[in-house]
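# Descriptive structure summary
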Amino acid sequence: MDQAMLSVVRAVEAGATTMKGVIDATGLSRLKIERALNALEKQKLLVRDGQGFRGTGPTRTTQPARECGSCNACCDILEVAAVDKPVNQLCGHWQADTGCTIYERRPQMCRSFVCAWLQGHLDDDWFPAKSGIVVHFSQDAVNVTVDDHCRDRWREEPYLSKLAEWSLNGISRIGNRGYATLVVSGADRFLLLGRTVVPEPTLFGTAFLPLTAETFRFWRAKSPEHLQRLHERIAEIERIRQEFGSCAIPENEDDDPQAPYRPALLRQSNHA
Ligand code: SF4
Ligand code: SF4
């Protein structure tokens with residue numbers, strides 16, 4: 001949860017129920033508040049209805065339902081650029097008997113960080129000190145960072161099923177402010193599409209097409225233009241599926257015929 005989201009939640013918990021009330025309480029711009037409200041709604045921490053805004057559940061920001069206890073996973077697993085702390089290396093400011101030795105002047109990221117387990121979104125199998133997995137939400141993503149000592153833990157159960165479930169929720173909301181489910185494990189990065197794992201997704205985006213309820217065929221875009229062509233091809237595949245009941249799906253990620261795709265796809269599908 002970033003600082004704007006935290007401020008908005010605190011304002012709502014303190015009784016603000018309207019945009020004006022939240023602006024007055026936080027001093028944030030309308031745009032920042034709108035973004036924070038959308039992210040909080042997505043995470044089911046806040047609802048908006050005819051009565052205004054209200055938080056859901058207990059007051060998690062001021063009184064987390066859980067305590068970090070013996071966990072220091074975020075001071076170990078996550079990157080904290082403000083203190084030159086790389087990913088998967090215990091912060092130099094951490095000491096076993098004292099904890100954070102610069103607690104009063106720790107960076108903003110450390111002050112505002114609350115992982116999904118601490119927020120109460122995950123059961124105790126996910127306690128970061130035990131699972132080696134730190135999950136946190138940002139505005140457009142569920143971020144999953146995995147301890148170097150158990151790099152493939154996220155592929156095991158019960159973790160993968162939960163991540164696949166979140167990923168499917170995020171995908172189904174695309175066009176309605178969807179979110180991505182991203183895993184960082186050592187030097188490797190993955191995008192989850194349900195149970196389909198996309199290794200090293202590109203910055204330009206990933207186009208995808210459902211194969212089953214939980215699996216996808218995907219193509220990683222090499223440029224914005226490539227992404228657009230991929231989306232055009234996927235739209236054509238969907239139209240052919242609707243028209244003929246099925247359509248061949250190109251096997252190869254590099255199999256990227258130029259538009260118009262219909263003749264090539266129909267030839268592959270033997271519908272011609
Ligand atoms: S990873 Fe979560 S539970 Fe562990 S110390 Fe950080 S915020 Fe607390
Ligand atoms: S500065 Fe303190 S809170 Fe932040 S990562 Fe280091 S030890 Fe943890």
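So, here is what we can say about the structure in this document. None of the values given here were measured: they were computed from a predicted structure.

Attention now moves to unusual backbone geometry. Glu157 connects to Pro158 through a cis peptide bond whose omega is 10 degrees. Topologically, Pro158 is positioned in the loop between strand 6 (141–146) and helix 7 (159–172). Of note in the backbone geometry, Asp84 takes a positive phi value of approximately 50 degrees without being a glycine. Tracing the backbone shows Asp84 in the loop between helix 4 (73–76) and strand 3 (94–95). Of note in the backbone geometry, Asn88 takes a positive phi value of approximately 60 degrees without being a glycine. The topology assignment puts Asn88 in the loop between helix 4 and strand 3. The class for Asn88 is buried, based on a relative accessible area of 17%.

A rise of 1.5 Å per residue sets the reference length of helix 3 (residues 30–42), with its 13 residues, at 18 Å; its end C-alpha atoms lie 18 Å apart and thus fit the reference within 8%. Taken together, the buried positions of helix 3 are Ile33, Ala36, Leu37, Asn38, Ala39, Leu40 and Lys42.

Right, let's get into the sheet that holds strand 6. Taking strand neighbours across the sheet as the criterion, the 5 strands line up as 5-6-7-8-9 in an open arrangement whose pairing is mixed. Both edges of this open sheet fall to strand 5 (133–138) and strand 9 (196–199), since each of them pairs with a single strand only. Between one strand axis and the next, the sheet turns through 25 degrees on average, direction left out of account. Two elements, strand 7 (residues 180–185) and strand 8 (residues 188–193), share 5 bridges in a ladder whose sense is antiparallel. By the bridge assignment for strand 8, Leu182 is matched with Leu191. Here helix 7 sits on the sheet and contacts strand 5, strand 6, strand 7 and strand 8; the angle it forms with strand 8, its principal contact strand, is near 65 degrees.

For the structure shown, the criterion picks out 5 aromatic pairs. On the numbers, 4.7 Å between centres and 50 degrees between planes, the contact of Trp117 with Phe127 is tilted. With a gap of 10 residues between them, Trp117 in the loop between helix 5 (108–112) and helix 6 (128–131) and Phe127 in the loop between helix 5 and helix 6 connect regions that are remote in the sequence. On the accessibility criterion, Trp117 (8% relative accessible area) is buried. Sitting above the plane of the Tyr103 ring, Arg106 keeps its charged end 3.7 Å from the centroid. Sitting over the face of the ring of Phe190, Arg155 holds its NZ or CZ atom 5.0 Å from the ring centroid.

Our focus in this paragraph is the site of ligand 2. Around ligand 2, the neighbouring residues are Cys75, Val80, Cys91, Trp94, Cys100, Ile102, Pro107 and Cys110. Here the shell around ligand 2 is composed, by residue class, of 8 nonpolar, no polar and no charged.

The side chains of a regular strand alternate, first on one face of the sheet and then on the other. Most of strand 5 sits inside the fold, with 5 of its 6 residues counted as buried. Sheet topology note: the strand 5/strand 6 ladder contains 6 bridges and is antiparallel. Within strand 6, the residue paired with His136 across the bridge is Asn143.

Parameters and conventions
- Residues numbered from 1 in each chain as written.
- Chains lettered and ligands numbered in written order.
- Predicted model: local features only at pLDDT ≥ 70, side-chain atom pairs only at ≥ 80, totals over all residues.
- Heavy atoms only, no water.
- Helix = DSSP H or I, 4+ residues; strand = E, 2+ residues; numbered from the N terminus.
- Buried < 20%, exposed > 50% of the residue type's maximum accessible area, 1.4 Å probe, protein only.
- Expected span 1.5 Å × (residues − 1).
- Pairing = 2+ DSSP bridges.
- Axes fitted to C-alpha atoms, helices over the stretch in contact; angles between N-to-C directions.
- Contact = heavy atoms within 4.5 Å.
- Phe/Tyr/Trp six-rings, centres within 6.5 Å; stacked < 30°, edge-to-face > 60°.
- Lys NZ or Arg CZ within 6 Å of the ring centre and 35° of its normal.
- Near = heavy atom within 4 Å.
- Nonpolar A, V, L, I, M, F, W, Y, C, P; charged D, E, K, R; others polar.

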